[in-house]
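# Commentary on secondary and tertiary structure
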Amino acid sequence: MTDQNKNYFATNSRQGRVREGDRRGVDVMGSKFRKGLGPAITAVLFAMTAATTGCNQPSQVAAKSPRPVHLVDVTLYPSSEDLHYSASVLPLAQASLSFKSAGYVTEIKQVMGADGRRRDIGPGDYVARGTVLAQIRHQDLKNQLDQATATLRLAQAQQVEATKDYERTKRLYASESLTKPEFDRAQAKFDSTLASVDQAKANLHQAQLVLEDADLTAPFSGYILARNIELGNLAAPGTAAFTIADTSVVKIGFGVPDYALRLLRLGQQFSIHLQDDPKEYNGRVTSIAASADEKTRVFAIEVTVPNPKALLKPGMIASLSLTGVHKAPVPSLPLSAVFADPASPGRYAVFVAQEQGGKWVAHLREVTLRESHESDVAVEGVNQAEKVVAVGAAGLKDGDFLEVLP
């Protein structure tokens, strides 16, 4: 190969490498250009997509049209009701009897039993006033009485001696034969014996009372409700041995609210009934509380019922009623206006219609149901001057606009 040919091939080779390098440079620059524009293009594409999507979406939904409804006014209902009460039958008087001092039970009153044998008196037996129900051993109490008597006699003897000394000392002191301190000692001894005698007399009287109380007697005529002693028991002072009740007249107590109090007066007659007893018993109001109970806010009423045949027993349940009780008027609505509150299970609500800017708007409000009357119901939670949706409440939501139909 000649030198000219060598130069030609060298030149072409260099040009080829230059062109190849140029291509690689262009490719690199193109790659860098694409990389530099990538985020911008991406942003533009997102913007275009968003704009396109926005253009393709439907226009905003028009506001809901008012819901056609019928409204009613909240009215006041002057309710009247019969108040029914159940109360326990209580005795006119009841007492728990106990011995005043300790002692062994030596006797319990005996009565004839249904089987013809004598037995100790017990629950259900009737006793007359003054009947001796039980006794404790008398000898112990007699010993205490004898001791008190001896103490009194000793104190009285000491008083006699002290009196003589005092009289002699007084005469000597008057004749100036005795000093003042000696006279004062004699007078102090005399005064002390007087106090001892008084104390001994009081102890004697107390011992006599204790001996008398060894016989447990009925304070009034009535039925034995309970007996808590047996023959030979050691009776403790203050522990009830018998419970006795006077049931010749029984009491029935109940409480009434303030709005019913004005229908009651002392002497007012009531009819009383017992469960499963067709007989009607009549009683009269004998007590009306002057103030209400702090917790229940009711006034205690007491009715007394004559019970000469003892048909009414303590603990029986009696029923009585107070008719024609007028309460303060309460808001009332048609039943169709009330529905179950979807947000509060077990509770009820209504839609109250209020006029705002010339338009009627529904507002959900929770209410409390009271007594019903015909097709209406008394409620708490609305006022007389308000209007509520009576027809068309289904599907309504709080804040919906309303079209009031005539």
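Residues numbered from 1 in each chain as written. Predicted model: local features only at pLDDT ≥ 70, side-chain atom pairs only at ≥ 80, totals over all residues. Heavy atoms only, no water.

## With respect to the overall build of the chain
When helices and strands are counted, the chain shows four helices and 23 strands. Buried positions account for 29% of the 406 residues belonging to the chain. Within the chain, counting contacts between residues at least 6 apart in sequence, those at least 24 apart form 72% of the total. A total accessible area of about 25800 Å² is found for the chain, and carbon and sulfur atoms account for 54% of it. (Helix = DSSP H or I, 4+ residues; strand = E, 2+ residues; numbered from the N terminus. Buried < 20%, exposed > 50% of the residue type's maximum accessible area, 1.4 Å probe, protein only. Contact = heavy atoms within 4.5 Å. Areas by Shrake-Rupley, 256 points an atom, 1.4 Å probe, with all protein chains shown as cover.)

## Let's talk about the side chain of T169
Structurally, the position occupied by T169 is in helix α2 (residues 138-174). By relative accessible area, T169 is classed as buried at 8%. Apart from the residues lying within four places of it in its own chain, the contact partners of T169 are L178, E182, F183 and A186.

## Section: the pattern of salt bridges
Overall, the coordinates contain eleven salt bridges when judged by the stated rule. For D184, the salt bridge is made with K180, and the minimal N-O distance between the two is 2.7 Å. On the criterion of helical spacing, the pair formed by D184 and K180 is a turn pair, its members being four residues apart in helix α3 (residues 180-212). Residue D184 is classed as partly exposed on the basis of its relative accessible area, which comes to 32%. A salt bridge links R227 to E230; the nearest nitrogen and oxygen atoms lie 2.8 Å apart. Overall, R227 belongs to the partly exposed group, its relative accessible area being 21%. The network of salt bridges with common partners includes D165, R168 and K189. (Salt bridge = Lys/Arg side-chain N within 4 Å of Asp/Glu carboxyl O.)

## Side note on the nonpolar core
By size, the foremost hydrophobic cluster in this structure holds 32 residues, and its most contacted members are F99, I121, L133, I229, F242 and I244. No other element matches the six residues that α3 contributes to this core. Apart from the residues within four sequence positions on either side, L133 is in contact with L97, E107, I108, K109, I121, V127, L216, T217, A218, I224 and F242. Membership of the second largest hydrophobic core comes to 24 residues, among which are A87, V250, I301 and V305. (Core = buried A, V, L, I, M, F, W, Y, C linked by side-chain atoms within 4.5 Å.)

## Quick notes on the packing of α2 against α3
Contact pair α2 / α3: the axes reach a minimum separation of 7 Å and the direction vectors enclose 160 degrees. Relative to α3, the element α2 is oriented roughly antiparallel. In terms of crossing hand, the pair formed by α2 and α3 is left-handed. Residues of the contact of α2 with α3, tallied by class, amount to 18 nonpolar, 14 polar and seven charged. (Axes fitted to C-alpha atoms, helices over the stretch in contact; angles between N-to-C directions. Parallel < 35°, antiparallel > 145°, perpendicular 65-115°, else oblique. Left-handed = near helix turned anticlockwise from the far one by under 90°. Nonpolar A, V, L, I, M, F, W, Y, C, P; charged D, E, K, R; others polar.)

## A closer look at the confidence of the model for the chain
Here the chain averages 81 in pLDDT, and 82% of its residues register 70 or above. For the stretch residues 1-62, pLDDT sits under 50, and the model shows two contacts to residues farther than four places along the chain or on other chains. (pLDDT = per-residue confidence, 0-100.)

## So, the environment of K180
Classification of K180 as partly exposed rests on a relative accessible area of 39%. Among the polar contacts listed, one links the side chain of K180 to the side chain of D184, at a separation of 2.7 Å. (Polar contact = N/O pair within 3.5 Å; in protein donor to acceptor, adjacent residues only side chain to side chain.)

## What about the sheet that holds strand β4 (residues 103-108)?
Pairing in this open sheet of four strands is antiparallel, and the strands run β9-β8-β4-β11 from one edge to the other. One side of each edge strand has no neighbouring strand; the edge strands of this open sheet are β9 (215-217) and β11 (234-235). Both β4 and strand β8 (residues 132-136) contribute to a ladder of three bridges, which runs antiparallel. If you follow I108 over to β8, its bridge partner there is A134. (Pairing = 2+ DSSP bridges.)

## Considering the pairing of strand β13 (residues 269-274)
On any regular strand, side chains alternate: one points to one face of the sheet, the next to the other face. Residues of β13 alternate between two faces, with F270, I272 and L274 buried on one and Q269, S271 and H273 left unburied on the opposite face. The sheet contact formed by β13 and strand β14 (residues 277-288) spans six bridges and is antiparallel. When the sheet's bridge partners are listed, F270 is paired in β14 with G283. What sits between the antiparallel neighbours β13 and β14 is a turn of two residues, in which D276 has the positive phi angle 60 degrees.

## Focus: the packing of aromatic side chains
This model, assessed by the stated rule, comprises six aromatic pairs. Aromatic pair Y166 and F190: ring centres 5.0 Å apart, planes at 10 degrees, arrangement stacked. Residue Y166 is found in helix α2, and its partner F190 is found in helix α3; the two are separated by 24 residues along the sequence. There is no split in this pair, since Y166 and F190 are both buried. A connected cluster of aromatic rings, assembled from ring pairs, spans Y85, F254 and F270. Sitting over the face of the ring of Y281, K279 holds its NZ or CZ atom 5.4 Å from the ring centroid. The aromatic ring of F401 is capped on one face by K359, whose charged end is 5.2 Å from the ring centroid. (Phe/Tyr/Trp six-rings, centres within 6.5 Å; stacked < 30°, edge-to-face > 60°. Lys NZ or Arg CZ within 6 Å of the ring centre and 35° of its normal.)

## Here we look at α3
Two residues of an α-helix separated by three or four positions point the same way, owing to the 3.6 residues in each turn. The terminal C-alpha atoms of α3 lie 49 Å apart, and with 33 residues this matches the ideal 48 Å at 1.5 Å per residue to within 8%. Taken residue by residue, α3 has F183, A186, F190, T193, V197, A200, L204, A207, V210 and L211 as its buried positions. Packing partners of the buried residues in α3 comprise α2 and β9. (Expected span 1.5 Å × (residues − 1).)

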